[in-house]
Amino acid sequence: MPVRLKINGKDISADVDTRTTLLDLLRERLQLTGSKKGCDHGQCGACTVLVNGRRINSCLSLAVVHDGEEITTIEGLANGEQLHPMQAAFVEHDGFQCGYCTPGQICSAVACVKEGHAKSDDEIREWMSGNLCRCGAYPNIVDAIKDAVAKNA
Ligand code: FES
Ligand code: FES
């Protein structure tokens, strides 16, 4: 089926097998490999992207379902050379180790703040609990998100 999407501000048209997930379309067809495939089962959050500003696990969502929608991936957050404030906060607070979960963490964190779910450490932990980090960078991730909130990210 044909599908038209706006991805990181660019209009994209593609013919896809109806079984293609949004994650596979991004990674395998469009070479947007920032979004990671951790589990492919909706359990780790490494594939988190924003659809019309709302965070989803792109491994669990079929590309054709998103016809006409706006997708933002980690590649679309920065403004040219200038990092998104959430990206800068992750760098400043060392919110990662291997970095595999990081694109999903950052996309999720941007939405978490917009949702108003970042008012305390406990709230951030609860609302970021869909994003697993096998390196255990959680304390620094929470610090990064709090800092981004303080700076109105
Ligand atoms: S790869 Fe999508 S939730 Fe793990
Ligand atoms: S930084 Fe390695 S999995 Fe999170």
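Residues numbered from 1 in each chain as written. Chains lettered and ligands numbered in written order. Predicted model: local features only at pLDDT ≥ 70, side-chain atom pairs only at ≥ 80, totals over all residues. Heavy atoms only, no water.

A. Inspection of the packing of helix α2 (residues 85-92) against helix α3 (residues 102-114) at higher detail. Between α2 and α3, whose axes approach to 10 Å, the crossing angle comes to 125 degrees. When the axes of α2 and α3 are compared, the pair comes out oblique. Here the hand of the crossing between α2 and α3 comes out right-handed. For the pair α2 and α3, contact is made by M86, Q87 and F90 and by T102, Q105, I106, A109, V110 and V113, respectively. Residues belonging to the contact of α2 with α3 are distributed by class as follows: six nonpolar, three polar and no charged. (Axes fitted to C-alpha atoms, helices over the stretch in contact; angles between N-to-C directions. Helix = DSSP H or I, 4+ residues; strand = E, 2+ residues; numbered from the N terminus. Parallel < 35°, antiparallel > 145°, perpendicular 65-115°, else oblique. Left-handed = near helix turned anticlockwise from the far one by under 90°. Contact = heavy atoms within 4.5 Å. Nonpolar A, V, L, I, M, F, W, Y, C, P; charged D, E, K, R; others polar.)

B. Seen up close, the pattern of salt bridges. Tallying each qualifying case throughout the model produces twelve salt bridges. With its nearest N and O atoms 3.9 Å apart, the salt bridge here joins K6 to D11. Put simply, R125 and D121 hold a salt bridge, and the shortest N to O gap is 3.9 Å. Highlighted residues: R125 and D121, both in helix α4 (residues 121-127), separated by four residues, approximately one helical turn. Take R125: its relative accessible area is 47%, and that puts it in the partly exposed class. Among the residues examined, D121 registers a relative accessible area of 26% and is labelled partly exposed. Here the salt bridges do not stand alone but share partners, grouping D121, D122, R125, D143 and K146 into one network. (Salt bridge = Lys/Arg side-chain N within 4 Å of Asp/Glu carboxyl O. Buried < 20%, exposed > 50% of the residue type's maximum accessible area, 1.4 Å probe, protein only.)

C. Here's a closer look at the sheet that holds strand β2 (residues 10-15). Strand order in the open sheet formed by five strands is β2-β1-β5-β3-β4, with mixed pairing between adjacent strands. A strand with exactly one partner marks an edge of an open sheet, and here the two such strands are β2 and β4 (54-57). Pairs of neighbouring strands in the sheet enclose a mean axial angle of 40 degrees, with direction left out of account. As judged from the two bridges shared by strand β3 (residues 48-51) and strand β5 (residues 70-72), these two strands associate in the antiparallel manner. When the bridges of β5 are listed, L50 appears paired with T72. Seen against the sheet, α3 touches β3 and β4 and runs at an angle of roughly 40 degrees to β3. (Pairing = 2+ DSSP bridges.)

D. Summary view of helix α1 (residues 22-29). Residues of α1 that are buried include every one of L22, L23, L25 and L26, and no others. Looking one or two places after α1, you find Q31, whose phi comes out positive at around 55 degrees.

E. Molecular detail of unusual backbone geometry. The backbone of D40 shows a phi angle near 65 degrees, a positive value even though the residue is not glycine. With respect to the helices and strands, D40 occurs in the loop between α1 and β3. Even without being glycine, N52 reaches a positive phi, approximately 50 degrees. Along the chain, the position of N52 falls in the loop between β3 and β4.

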